Amino acid sequence: MSETTDHAEPGEVFTSVSYFADLPPDLLSAVVRAAVRRTYQADEIVFFEGDPSPGLHLVENGWLKAVRISTEGREQILRFVGPGEVVNEVGVFAGDRNPATVIALEPSTLWLVDPGTIHRLLDRYPELARRVIESLAQRVLHLVSLVEDLSLRSVEAR
C-alpha cells in the first residue's frame, strides 16, 4: 500500500457516493482534506477482519472483495466493492473493529476517512445519518439473502 496526502484532484469519488452527494461545498471540502488517498496492488490486503477500524474507505477505482475466512482457510465472499462505493461502514459504526477482510482484486485507489470525522459529520448532518442508515439497511437485506442462499436452500436450488 502506498499513501498520498495530495488532495488536489480527488476526482468525483466523494460526490459519487450517495452519502456525500449533496453536502454543502465547504463541508465536502473539509471531508476531502481529512481523507488520505491510498493505492493497493492486486491481491494486497486493505485491512484484516478483527483489526481496529482505520475508517471509512471510498473506492476511487479498482475492485475489491470483502471476505470472512474460516480457521481452515475457507473464504466466504460477502460482497464485491467497486468505484463509487464505500466499504467498512460497519467497522466504523459498530465496535471499531473490521467485520471482514478486504482484499484488492486489481490495482485500486481508495480514500480513507477516519472514524472521528465520520462521527462528527453524522452528528452535524442528520440527512447524512439517514443516508448511512439506509445504506446499512440495504446491506443487511443483502446479507439476509446470502444467508438464505447458503443455509435454507438445497445445493441444487443454489
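Residues numbered from 1 in each chain as written. Predicted model: local features only at pLDDT ≥ 70, side-chain atom pairs only at ≥ 80, totals over all residues. Heavy atoms only, no water.

This paragraph deals with the nonpolar core. F14, Y19, F20, L56 and L58 are the most contacted members of the largest nonpolar core, which has 24 residues in total. At the level of elements, α1 (13-16), α2 (25-34), β4 (56-61), β9 (108-113), α4 (115-124) and α5 (126-152) are the ones that each hand at least two residues to this core. Top contributing element to this core by residue count: α2, with four residues. When residues no more than four places from it in sequence are discounted, the contact partners of L56 are Y19, F20, V86, V87, N88, E89, V92, W111, L112, V113 and I118. Core analysis: the next-biggest nonpolar cluster, separate from the first, contains 12 residues, V59, V87, V102 and A104 among them. (Core = buried A, V, L, I, M, F, W, Y, C linked by side-chain atoms within 4.5 Å. Buried < 20%, exposed > 50% of the residue type's maximum accessible area, 1.4 Å probe, protein only. Helix = DSSP H or I, 4+ residues; strand = E, 2+ residues; numbered from the N terminus. Contact = heavy atoms within 4.5 Å.)

One full turn of an α-helix is made of 3.6 residues, so residues set three or four places apart face in the same direction. Buried within α2 are the following residues: L27, L28, V31 and V32. All buried residues of α2 lie within an arc of 140 degrees about the axis, which places them on one face of the element. Residues of α2 that are exposed and point more than 90 degrees away from the buried face comprise P25, D26 and R33. Summarising the contacts, the buried residues of α2 are in contact with α1, β9 and α4. (Arc of directions from axis to C-beta.)

Although it is not a glycine, D43 sits at a positive phi angle of roughly 70 degrees. Inspection of the secondary structure puts D43 in the loop between β2 (36-40) and β3 (45-47). For N88, which is not glycine, the phi dihedral falls at a positive 85 degrees.

With that settled, the discussion passes to the pattern of salt bridges. Note that side chains of opposite charge can pair when their charged atoms are close. Counted under the stated rule, the structure contains five salt bridges. A salt bridge links R68 to E49, with the shortest nitrogen-to-oxygen separation between them at 2.9 Å. One end of the pair, R68, is in strand β5 (residues 64-69); the other, E49, is in the loop between β3 and β4, with 19 residues separating them in the sequence. Take R68: its relative accessible area is 41%, and that puts it in the partly exposed class. (Salt bridge = Lys/Arg side-chain N within 4 Å of Asp/Glu carboxyl O.)

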